[in-house]
Structures are given as C-alpha cells and as structure tokens.
2 protein chains.
Amino acid sequence: MSACIFCKILKKEIPSQILFENENVFAIRDIQPQSKEHVLIIPKKHYSTLHEAESYGELENLSKFWLSAALEVSKQLKIDFSGYRLVINQGENGGQTVFHLHLHLLGGERLSGKFV
Amino acid sequence: MSACIFCKILKKEIPSQILFENENVFAIRDIQPQSKEHVLIIPKKHYSTLHEAESYGELENLSKFWLSAALEVSKQLKIDFSGYRLVINQGENGGQTVFHLHLHLLGGERLSGKFV
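This is a predicted model, so every value here is computed, not measured. (Residues numbered from 1 in each chain as written. Chains lettered and ligands numbered in written order. Predicted model: local features only at pLDDT ≥ 70, side-chain atom pairs only at ≥ 80, totals over all residues. Heavy atoms only, no water.)

On the basis of which strands lie adjacent, the open sheet formed by 10 strands has the order β1(A)-β2(A)-β3(A)-β5(A)-β4(A)-β4(B)-β5(B)-β3(B)-β2(B)-β1(B) and antiparallel pairing. Every interior strand has two partners, whereas the edge strands, β1 (20-21) of chain A together with β1 (20-21) of chain B, have only one. Across 5 bridges, the pairing between strand β3 (residues 37-43) of chain B and strand β5 (residues 103-107) of chain B is antiparallel. Bridge pairing in β5(B) links Val39(B) to Leu105(B). Helix α3 (residues 59-76) of chain B rests against β4 (84-90) of chain A together with β1, β2 (25-29), β3, β4 (84-90) and β5 of chain B of the sheet, and its axis sits at about 150 degrees to β3(B). (Pairing = 2+ DSSP bridges. Helix = DSSP H or I, 4+ residues; strand = E, 2+ residues; numbered from the N terminus. Contact = heavy atoms within 4.5 Å. Axes fitted to C-alpha atoms, helices over the stretch in contact; angles between N-to-C directions.)

The next subject is the packing of helix α3 (residues 59-76) of chain A against α3(B). Contact geometry of α3(A) with α3(B) gives a least axis separation of 8 Å together with a crossing angle of 120 degrees. In terms of axis orientation, α3(A) runs oblique to α3(B). Handedness of the α3(A)/α3(B) crossing: right-handed. From α3(A), Leu59(A), Glu60(A), Ser63(A), Lys64(A), Trp66(A), Leu67(A), Ser68(A) and Leu71(A) reach across to α3(B), where they touch Leu59(B), Glu60(B), Ser63(B), Lys64(B), Trp66(B), Leu67(B), Ser68(B) and Leu71(B). When its residues are assigned to classes, the contact of α3(A) with α3(B) shows 8 nonpolar, 4 polar and 4 charged. (Parallel < 35°, antiparallel > 145°, perpendicular 65-115°, else oblique. Left-handed = near helix turned anticlockwise from the far one by under 90°. Nonpolar A, V, L, I, M, F, W, Y, C, P; charged D, E, K, R; others polar.)

By the secondary structure assignment, His100(B) is in the loop between β4 and β5. At 3.1 Å, the side chain of His100(B) forms a polar contact with the side chain of His46(B). (Polar contact = N/O pair within 3.5 Å; in protein donor to acceptor, adjacent residues only side chain to side chain.)

Turning to the interface of chain B and chain A, a few remarks are in order. Contacts between the two partners involve 43 residues from chain B and, on the opposite side, 43 residues from chain A. Together chain B and chain A conceal approximately 3900 Å² of surface at their shared face, both sides included; 55% is due to carbon and sulfur atoms. Considering only the side of chain B, the residues that lose the most area to chain A are Asn93(B), Phe115(B) and Val116(B), jointly responsible for 21% of the buried surface there. Our count for the contact surface shared by chain B and chain A stands at 4 salt bridges. (Buried area = accessible area lost by both parts, 1.4 Å probe. Salt bridge = Lys/Arg side-chain N within 4 Å of Asp/Glu carboxyl O.)

This part is about α3(B). Residue and element names in this part refer to chain B. Look at α3: 26 Å from first C-alpha to last across 18 residues, which is about the 26 Å you get at 1.5 Å a residue. Within the span of α3, buried status applies to Leu-59, Leu-62, Ser-63, Phe-65, Trp-66, Leu-67, Ala-69, Ala-70, Leu-71, Val-73 and Ser-74. Looking one or two residues beyond α3, the residue adopting positive phi is Lys-78, at roughly 60 degrees. (Expected span 1.5 Å × (residues − 1). Buried < 20%, exposed > 50% of the residue type's maximum accessible area, 1.4 Å probe, protein only.)

Next up, the structure:
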C-alpha cells in the first residue's frame, strides 16, 4: 500500500474534490493556496521526480499530456486569457514537498514578478 | 524583421551567451536572476503563449522537447540532484514579460516555498 498522499487521493482512500481528470492526470486544489486559484495537476503514474520519470523513459510521454492538461484546467477555471503561472518544484532546493510529480497552476489574480 | 528580443538573440542580432542549444530550443541566463542559477529555456519557434502554440497544433510537439531540454540544462549546471524550480509565466496575470514562450529554470540554492 502506497504511503503517497496523491496516490491515496487517486485511489479514493483520501476524499478530495477532483477538478479535472483524464486517463493520464488528475487535478485537485492545493490545500494551502498561494493565489486565488491554485491547482495541482498530477500525473496518475507515480514518479517522484522528473529525473525518475526520465530514467524510466517516460519523460517525453509525460510531457505530452501534462502541459495540455494544464491548459485544459486553465480554460475550465476561465483564467486562460487573464494568465497564470505554471510551476514544477523539483527536489530539495526547488522546494518540492510531495515526492509524486505535480505541476502547480496559479492564477485568478495578478501574480508578482518574483517566483523564488 | 522581428522585434522580439529572443528572436534577435537567436539570429545573433543581439549578442548573448548561449548555454545550451539543440534543433528546437536554446538557453540563456536571465539578465535579472532571481537565484544563483537562473536560465531561460526558449523554443526557437516564436509563439507568444502556450495557447497560441496550441492553436497551431504545436503544443504537444513543443512539450516533448521542452521539459527534456530543461533536464539537460539542469545536468549541465550540475543542479539536477540538488533540485530546482521550473516556471512558465503565462499572460498578464502570470507576470509574463517577454511574449515569446520561455521556461525559467531556477536553482543553485535553496528556494523558498513561495512562488507567487
């Protein structure tokens, strides 16, 4: 049994509102939002980091559906024209907290020009 | 003649040190770095936004080589294990300043957990 919180959410072992889902990814709201809209776009397959996905030969496949899913969510939230920020925190220096790859989508308001 | 600064750098109309280049992307240092390492990974084809790339049916192709190029640059900078942050600022609310798509790679030090 996986101890990963995102895997548990995907398996419905932890209740969560799924904002968007397709065969490859699902999206949920960040529980500590940094902006009015703050959604996590999460590949269903568990890879801790980009480099792990790459080591399995999965990076290209992952990339293909990940960004397009982010754009779909931006449309669903109606922030595709106003704009948003996409962030992947990778490893310790990057501030990664959950070691199951995820992409942050932040928007709904004007974000600062600083992102570190 | 394009007025885009990234297109001018690519055409060598503006001098710049190219850190990484392949057939699809090139990478340069940000002139206003927000962390010890701050590199821009820029698709050679000019698309102002992700949604423009999508409207040309180019988003999937773009995604495939963009993330893998970012990983290559992280290895070149020797920050692939220590970690880093990848950021795409999209549109006005996202804080996009140059309207030629680019991915920020930030690292070389511990980044804060805040990215807005």
